[in-house]
Amino acid sequence: MSSRGCGFVQSLYFYPIKSCGSIISHSLDLHTDLGVYGDRSVALVHPETHVVLTQREYPTLATVCGDPQLIDTRGTLMLSVILDGRLTRVEMPFRRFNDDKREFKLHKDVASGYFLGSSSIFERLLGFKPMVVILDEKNPRIHASSSLGKDIPLGFADGYPVL
């Protein structure tokens with residue numbers, strides 16, 4: 001008698017920065033409510049409108065990719081991006097180091113996070129210097145899910161903590 005599964009997992013990906021490129025991983029750690037640890041934990045926010053940037057409006061964000069080693073011992077995310085036809089590597093903070101909490105808009109919801117600073121690499125890519133924020137995990141964005149019929153906690157993901 002053979003047992004058959006309903007499928008298999010070929011690859012695991014997560015996106016450290018909302019709307020930027022993915023990182024492939026052999027395993028993922030799950031939060032209780034917020035999905036994959038490190039997935040969409042950081043977002044870029046327009047400095048004037050306070051709206052989270054997405055690939056829909058800024059498709060060049062897809063060219064920013066994280067390093068598979070993701071976080072070094074200092075809490076730094078290693079990024080790669082193609083600028084002026086050359087691969088450029090930069091470091092970006094990937095942990096909260098202050099109490100500078102900000103609110104901003106993500107789709108129809110209000111989200112909050114801690115200001116990490118800004119990065120000239122994103123200024124070169126986008127033409128303006130967005131704010132870099134990290135998710136406030138203790139007070140995540142709450143999204144009214146019409147398909148589930150209830151409110152669910154989200155980080156900076158669009159609709160569900162895990163897809």
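What comes next is a walk through the structure. (Residues numbered from 1 in each chain as written. Predicted model: local features only at pLDDT ≥ 70, side-chain atom pairs only at ≥ 80, totals over all residues. Heavy atoms only, no water.)

1. Some points on the side chain of lysine 18
No. 1: Looking at the secondary structure, you find lysine 18 in the loop between β1 (12-14) and β2 (23-25).
No. 2: Owing to a relative accessible area of 3%, lysine 18 belongs among the buried residues under this scheme.
No. 3: Within the structure, lysine 18 has its side chain in polar contact with the backbone oxygen of phenylalanine 156 (distance 3.3 Å).
No. 4: Apart from the residues within four sequence positions on either side, lysine 18 is in contact with Arg40, Val42, Ala43, Val52, Leu53, Thr54, Leu106, His107, Phe156 and Asp158. (Helix = DSSP H or I, 4+ residues; strand = E, 2+ residues; numbered from the N terminus. Buried < 20%, exposed > 50% of the residue type's maximum accessible area, 1.4 Å probe, protein only. Polar contact = N/O pair within 3.5 Å; in protein donor to acceptor, adjacent residues only side chain to side chain. Contact = heavy atoms within 4.5 Å.)

2. Topic: empty space enclosed by the protein
To find leftover empty space, one rolls a probe the size of a water molecule over the atoms.
No. 1: Enumeration according to the criterion identifies one cavity of 30 Å³ or more in this entry.
No. 2: A volume near 100 Å³ is recorded for the largest cavity.
No. 3: Class assignment for the residues of the lining of the largest cavity results in eight nonpolar, four polar and three charged. (1 Å grid on protein atoms, 1.4 Å probe; cavity = no way out; pocket = protein on both sides within 12 Å on 5 of 7 lines; lining within 4 Å. Points joined across faces, edges and corners; volume = space filled by probe spheres on them. Nonpolar A, V, L, I, M, F, W, Y, C, P; charged D, E, K, R; others polar.)

3. Overview of the packing of aromatic side chains
No. 1: One pass over the structure, following the stated rule, counts two aromatic pairs.
No. 2: On the basis of an interplanar angle of 65° and a centroid distance of 5.6 Å, the ring pair of tyrosine 58 and phenylalanine 128 is categorised as edge-to-face. Of this pair, tyrosine 58 sits in the loop between β3 (42-45) and β4 (65-71) while phenylalanine 128 is found in the loop between α1 (120-126) and β9 (131-135), placing the two residues 70 residues apart along the sequence.
No. 3: Classification of tyrosine 58 as partly exposed rests on a relative accessible area of 24%.
No. 4: Here phenylalanine 128 falls in the buried class, since its relative accessible area comes to 18%.
No. 5: Relative to phenylalanine 156, the ring of phenylalanine 104 lies with its centre 5.9 Å away and its plane at 45°, an arrangement referred to as tilted. (Phe/Tyr/Trp six-rings, centres within 6.5 Å; stacked < 30°, edge-to-face > 60°.)

4. Examining the side chain of aspartate 39
No. 1: Residue position: aspartate 39 is located in the loop between β2 and β3.
No. 2: Discounting residues that sit within four places of it in the chain, aspartate 39 has contacts with Phe14, Tyr15 and Pro161.

5. Some thoughts on the environment of leucine 87
No. 1: Structurally, leucine 87 can be placed in strand β6 (residues 86-93).
No. 2: When near neighbours in sequence (up to four residues on either side) are disregarded, leucine 87 contacts Ser80, Val81 and Ile82.

6. Structural notes on the nonpolar core
No. 1: Counting residues in each nonpolar core, the largest one holds 21 residues, and the members touching the most others are Ile17, Leu44, Met92 and Phe122.
No. 2: Excluding residues within four positions of it along the chain, phenylalanine 122 makes contact with Ile17, Cys20, Leu44, Val64, Leu79, Met92, Gly127, Phe128 and Pro130.
No. 3: Within the second largest apolar cluster, 12 residues are counted, among which are Ala43, Val52, Phe115 and Val133. (Core = buried A, V, L, I, M, F, W, Y, C linked by side-chain atoms within 4.5 Å.)

7. A word on the sheet that holds β3
Consider a sheet: its strands pair through backbone hydrogen bonds, and that pairing is either parallel or antiparallel.
No. 1: On the basis of which strands lie adjacent, the open sheet formed by four strands has the order β3-β9-β8-β7 and antiparallel pairing. Here the strands that pair on one side only, and so sit at the sheet edges, are β3 and β7 (101-106). Between one strand axis and the next, the sheet turns through 50° on average, direction left out of account. (Pairing = 2+ DSSP bridges. Axes fitted to C-alpha atoms, helices over the stretch in contact; angles between N-to-C directions.)

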